[in-house]
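Summary of the model geometry
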Amino acid sequence: MGSMMKAAVFVAPGRIELAEKPIPDVGPNDALIRITTTTICGTDVHILKGEYPVAKGLTVGHEPVGVIEKLGSAVRGYHEGQRVLAGAICPSFSSYAAQDGVPSQDGSYLIESGKCACHGYKATAGWRFGNMIDGTQAEYVLVPDAQANLAPIPDGLTDEQVLMCPDIMSTGFKGAENANIRLGDTVVVFAQGPIGLCATAGARLLGATTIIAVDGNDHRLGIARVMGADVTLNFRNCDVVDEVMKLTGGRGADSSIEALGTQATFESALKVLKPGGTLSSLGVYSSDLTIPLGAFAAGLGDHRINTALCPGGKERMRRLMNVLAAERLDLGVLVTHKYALDDIVAAYDLFANQRDGVLKIAIKP
């Protein structure tokens, strides 16, 4: 191993480029991971477009699958050469926020630098890779608080099978969990990109019996049926709210999951709900939202709106990989393209412009 590595870095809005950077030093609680597979996320596209601000020169990406290259002196229970992954969210589980049940909002590591106060609570700060620290679209990544965040990959699971665990699967499943789904529920999932598809799968695993998937792409709606959707609606061909009301006899859905992040999908996700229903919001929004008065019943409809940043930590990752190992779900089908790290700029161009039926791209250093 030399002293330098290749990494995809944010240069300016519209520019993510491959650069040479020093391989990180390993502190006592860290682990250096040699990346074998990573991917590009929709949030990375928000960074590329300048819609989500990060520091210039930051290595982007937050979905690491790889092998332990070097362990910090205080890390126990792992060995060099072991296949592992880490969640996109890698908080310190000794923090106030983590012990308060919101580890994804943990900014305790920023207190010393003066970037966080009030016991370390900071929205989205648990998302470190490619946000607050160098990320995973590189040959190596440094995993902080490694003992809490590294999850061994079970034998028999490929990189492509577990590639969705760090973010997409965890986020999609959290959307279903936040929807308060009960056995026999009707759930509407808006947008069938990778996260929406995982939310559809999560709704099925949690016991929903009528899952309505909404998208404007018939190919993705076909995959949604494989993931567990009972009904698919192309919003280009129908009025989705009217169709949901017909399907539920005018009652409305028990829950809706918004997995895109636009005003239109948010409004529709609220309008399809029954009184007392739950809207689970997963979208990354780029502008202020407006709540429609009628759908909100003037604030008197007993609706719940839950937001989420995907859960991380080794126990969350272990459970997600158990679902895959038990063959309850196959997410390898979401990996539609493979690119070398050297071709990361071309991979971004494909993914950002959603060409060639792309869902997720496996990036191989």
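Parameters and conventions
Residues numbered from 1 in each chain as written. Predicted model: local features only at pLDDT ≥ 70, side-chain atom pairs only at ≥ 80, totals over all residues. Heavy atoms only, no water. Phe/Tyr/Trp six-rings, centres within 6.5 Å; stacked < 30°, edge-to-face > 60°. Helix = DSSP H or I, 4+ residues; strand = E, 2+ residues; numbered from the N terminus. Buried < 20%, exposed > 50% of the residue type's maximum accessible area, 1.4 Å probe, protein only. Expected span 1.5 Å × (residues − 1). Contact = heavy atoms within 4.5 Å. Arc of directions from axis to C-beta. Pairing = 2+ DSSP bridges. Axes fitted to C-alpha atoms, helices over the stretch in contact; angles between N-to-C directions.

1. Quick look at the packing of aromatic side chains
Using the criterion set out here, one finds two aromatic pairs in the structure. Measuring from centroid to centroid gives 5.0 Å for Tyr52 and Trp127, while their planes differ by 40°, and the two rings are tilted. Taken together, the residues Tyr52 in the loop between helix H1 (42-48) and strand S4 (65-71) and Trp127 in the loop between helix H2 (96-99) and strand S6 (140-143) connect sequence positions 75 residues apart. Judged by relative accessible area, Trp127 falls into the buried class, the value being 7%. Summarising the aromatic geometry, the rings of Phe266 and Tyr285 are spaced 6.2 Å apart at their centres and angled 90° between planes, so their arrangement reads as edge-to-face. Remark: Tyr285 occurs in the loop between strand S12 (273-281) and strand S13 (304-307) and Phe266 occurs in helix H9 (residues 263-271); sequence separation between them is 19 residues. Residue classification places Tyr285 among the partly exposed residues on the basis of a relative accessible area of 25%.

2. Description of helix H6 (residues 194-205)
Taking 1.5 Å per residue, 12 residues should reach 16 Å; H6 reaches 17 Å between its end C-alpha atoms and fits that length. Among the residues making up H6, those that are buried are Pro194, Ile195, Gly196, Leu197, Cys198, Ala199, Thr200, Ala201, Gly202 and Ala203. Buried residues along H6 sit against helix H5 (165-178), strand S8 (186-190), strand S9 (210-215), helix H7 (218-227), strand S11 (253-258) and strand S15 (360-364). A positive phi of about 110° marks Gly207, the residue just after H6.

3. Focus: helix H11 (residues 344-352)
Along an α-helix, a turn takes 3.6 residues, which lines up residues three or four apart on a common side. When H11 is considered as a whole, its buried residues turn out to be Ile344, Ala347, Tyr348, Leu350 and Phe351. For H11, the angular spread of buried residues about the axis comes to 165°, placing them on one side. Of the surrounding elements, those touching the buried residues of H11 are strand S1 (4-12), strand S2 (15-22), H1, strand S14 (335-340) and S15. Looking one or two residues beyond H11, the residue adopting positive phi is Gln354, at roughly 50°.

4. Re unusual backbone geometry
Here the phi dihedral of Ala191 falls at roughly 85°; this positive angle occurs in a residue that is not glycine. By the secondary structure assignment, Ala191 is in the loop between S8 and H6. Here Ala191 falls in the buried class, since its relative accessible area comes to 10%. The backbone of Asp302 shows a phi angle near 55°, a positive value even though the residue is not glycine. In this fold, Asp302 is placed in the loop between S12 and S13.

5. Quick look at the sheet that holds S8
Strands in a sheet are paired, the pairing made by backbone hydrogen bonds, and the direction either parallel or antiparallel. Read across the open sheet, the six strands follow the order S10-S9-S8-S11-S12-S13; overall the sheet is parallel. Looking along the sheet, the strands with just one partner apiece sit at the ends: strand S10 (231-234) and S13. Direction aside, neighbouring strands of the sheet carry axes that sit 15° apart on average. Sheet topology places S8 next to S11; four bridges connect them, and they run parallel. Its bridge partner being in S11, Phe190 is matched across the sheet by Glu258. Together, S9 and S10 form the strand contacts of H7, whose direction differs from that of S10 by roughly 165°. Taken strand by strand, H9 contacts S8, S11, S12 and S13, and its axis lies near 145° from that of S12.

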